[in-house]
Amino acid sequence: MAGGFSVSASAGSQFEAKITPVVIISCLMAATGGLMFGYDVGISGGVTSMDDFLIKFFPKVYRRKTESKDSNYCKYDNQGLQLFTSSLYLAGLTATFFASYTTRNLGRKLTMLIAGVFFLVGVILNGAAQDLTMLIIGRILLGCGVGFANQAVPLFLSEIAPTRIRGGLNILFQLNVTIGILFANLVNYGTSKIHPWGWRLSLSLAGVPALLLTMGALFVVDTPNSLIERGRLEEGKAVLKKIRGTDNVEAEFNEILEASRVAHQVKHPFRNLLKRRNRPQLVIAILLQIFQQFTGINAIMFYAPVLFNTLGFKNDASLYSAVITGAVNVLSTVVSIYSVDRVGRRVLLLEAGVQMFISQVVIAIVLGIKVTDHSDSLSHGYAIFVVVMVCTFVSSFAWSWGPLGWLIPSETFPMETRSAGQSVTVCVNLLFTFVIAQAFLSMLCHLKYGIFAFFSGWVVVMSVFVLFFLPETKNVPIEEMTEKVWKQHWFWKRFTDDDDRVVDGDDKNNTQP
């Protein structure tokens, strides 16, 4: 049944695997990459609403915020300010392509180490920034770190985790992103009281997760898949025994070996991605990333302090609110770790669609009625109500699109295109994160409360997509996705007809680049 695999499909799901300390420690270490990413996302929104920071780097915005009679929705509409936040994503996007190469040829472990080094240098430049150039260069280096970390970490987690808890372990990455955001919000809340260098402290504390990642990358083992892919078979088998806590690893070892043999026939992973039989994974990976950004989550997370400020909460109150949403984010991600391998991916995505749609429509209505261009603020009751609605939205995102947007692509690509596929995934994600980060404050200025209606429209689109086109992948071993998932799906099976794992003639004659 399974073309080319020696392992029968039924045996494939039953690889013997204990959840060993090595796996747990490796996963915790690796997932600090997520901590770093989250901290960088969360920190910029709070720092950009600190007066000391604005006076030093963006005096125009500061003047507009304090003196002017501009519309409430337009106080922060400044391309330079948006660039501070979004340069990180542009850099990450570029770095991803290099990261794909190192992930495949030098291993997951080294790629994480490179990410850690980028993070450390970026943090030093940011904390010591004297002018805008230094600030942006620091952000760009952090972005390179993000590109390398987001490429290596989800793959590392998917490959090292036993099948039955793969979903839960992989979401560790997303959980750490949310903890990073919460930690950033708490730090900003504290440092906003320290004048005039509180923002330096905020930016420098990113050194903590950066250090954890770098130290972690020195100590973890590389994944057996990666070692075998690079021809280090004995080492790969030894690591497999170690992480599975059993000597009985022949079946899984042979499956990885077979997948690796196929992967080695592919000289051009990116060209291979475009082949007809890889289309389902590619289309789904790309769309999931676009949809993840168009839920409007980053808009809300990045700019939570600024957003709440705009709604007329005062400085402290808006940081409070951001801390509350951050905490909700963390707790809900824990819900998803618990439920993803039990109820499955589809159920979580569909339920969340309904919840996100309702909360966004309600926010749009309240803001539309209550916050005009110049009215000063929401009344106490309404303000609390908006925060509750934002939390409802954030919680549903955090147990669905947040983690699953990363999990599903990392578990669906076959080995021969996995590294390239992950690259495309990260790249599309960062591209759209960049687009939204760069455009959000201007959109808020022009669309006003309509921005929430805009995002809610997208939520409907993505829920329909999930309903009809996203197959369930829970508890399916990675190397058996084609047989068990794509060939059984009403729509995608038409793409797998020619799946003989044939390598194009033109690829055979090429030598390894």
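Calculation criteria
- Residues numbered from 1 in each chain as written.
- Predicted model: local features only at pLDDT ≥ 70, side-chain atom pairs only at ≥ 80, totals over all residues.
- Heavy atoms only, no water.
- Helix = DSSP H or I, 4+ residues; strand = E, 2+ residues; numbered from the N terminus.
- Buried < 20%, exposed > 50% of the residue type's maximum accessible area, 1.4 Å probe, protein only.
- Contact = heavy atoms within 4.5 Å.
- Phe/Tyr/Trp six-rings, centres within 6.5 Å; stacked < 30°, edge-to-face > 60°.
- Patch = residues over 30% accessible without salt bridge, like charges linked within 9 Å, V, L, I, M, F, W, Y side chains within 5 Å.
- Areas by Shrake-Rupley, 256 points an atom, 1.4 Å probe, with all protein chains shown as cover.
- Salt bridge = Lys/Arg side-chain N within 4 Å of Asp/Glu carboxyl O.
- Expected span 1.5 Å × (residues − 1).

**Considerations on the side chain of Gln289**
Relative to the elements of secondary structure, Gln289 occurs in helix 15 (residues 279-294). Accessibility expressed as a relative area gives 0% for Gln289, which makes it buried. Discounting chain neighbours no more than four positions away, the residues touching Gln289 are Gly405, Trp406, Pro409, Thr425, Val428 and Asn429.

**Section: the packing of aromatic side chains**
Considering all chains together, one arrives at 23 aromatic pairs under this definition. Ring geometry for Phe294 against Phe432: centres 5.9 Å apart, planes inclined by 65°, an arrangement best described as edge-to-face. Highlighted residues: Phe294 in helix 15 and Phe432 in helix 22 (residues 415-447), separated in sequence by 138 residues. Pair check on accessibility: Phe294 and Phe432 agree, each one buried.

**Some remarks on a nonpolar patch on the surface**
There is a patch of nonpolar side chains on the surface, built from Val354, Phe357, Ile358, Val460, Val464, Leu467, Phe468 and Trp490 and spanning about 730 Å² of accessible area. The element contributing the most residues to the nonpolar patch is helix 23 (residues 450-469), with 4 residues. Relative to the elements of secondary structure, Val354 occurs in helix 19 (residues 345-370).

**Some points on helix 21 (residues 401-412)**
For helix 21, which comprises 12 residues, the first-to-last C-alpha distance of 16 Å matches the rise-based estimate of 16 Å (1.5 Å per residue) to within 8%. Listed as buried for helix 21 are Trp401, Gly402, Pro403, Leu404, Gly405, Trp406, Leu407, Ile408, Pro409, Ser410, Glu411 and Thr412.

**Quick word on the pattern of salt bridges**
The tally for this structure, following the rule as stated, stands at 15 salt bridges. One salt bridge connects Glu159 with Arg108, and the closest N-O pair in it is separated by 2.8 Å. Here Arg108 lies in helix 6 (residues 108-127) and Glu159 lies in helix 7 (residues 132-160), a separation of 51 residues in the sequence. Both residues of the pair, Glu159 and Arg108, belong to the buried class. For Glu159, the salt bridge is made with Arg418, and the minimal N-O distance between the two is 3.1 Å. Taken as a pair, Glu159 in helix 7 and Arg418 in helix 22 lie far apart in primary sequence, 259 residues in all.

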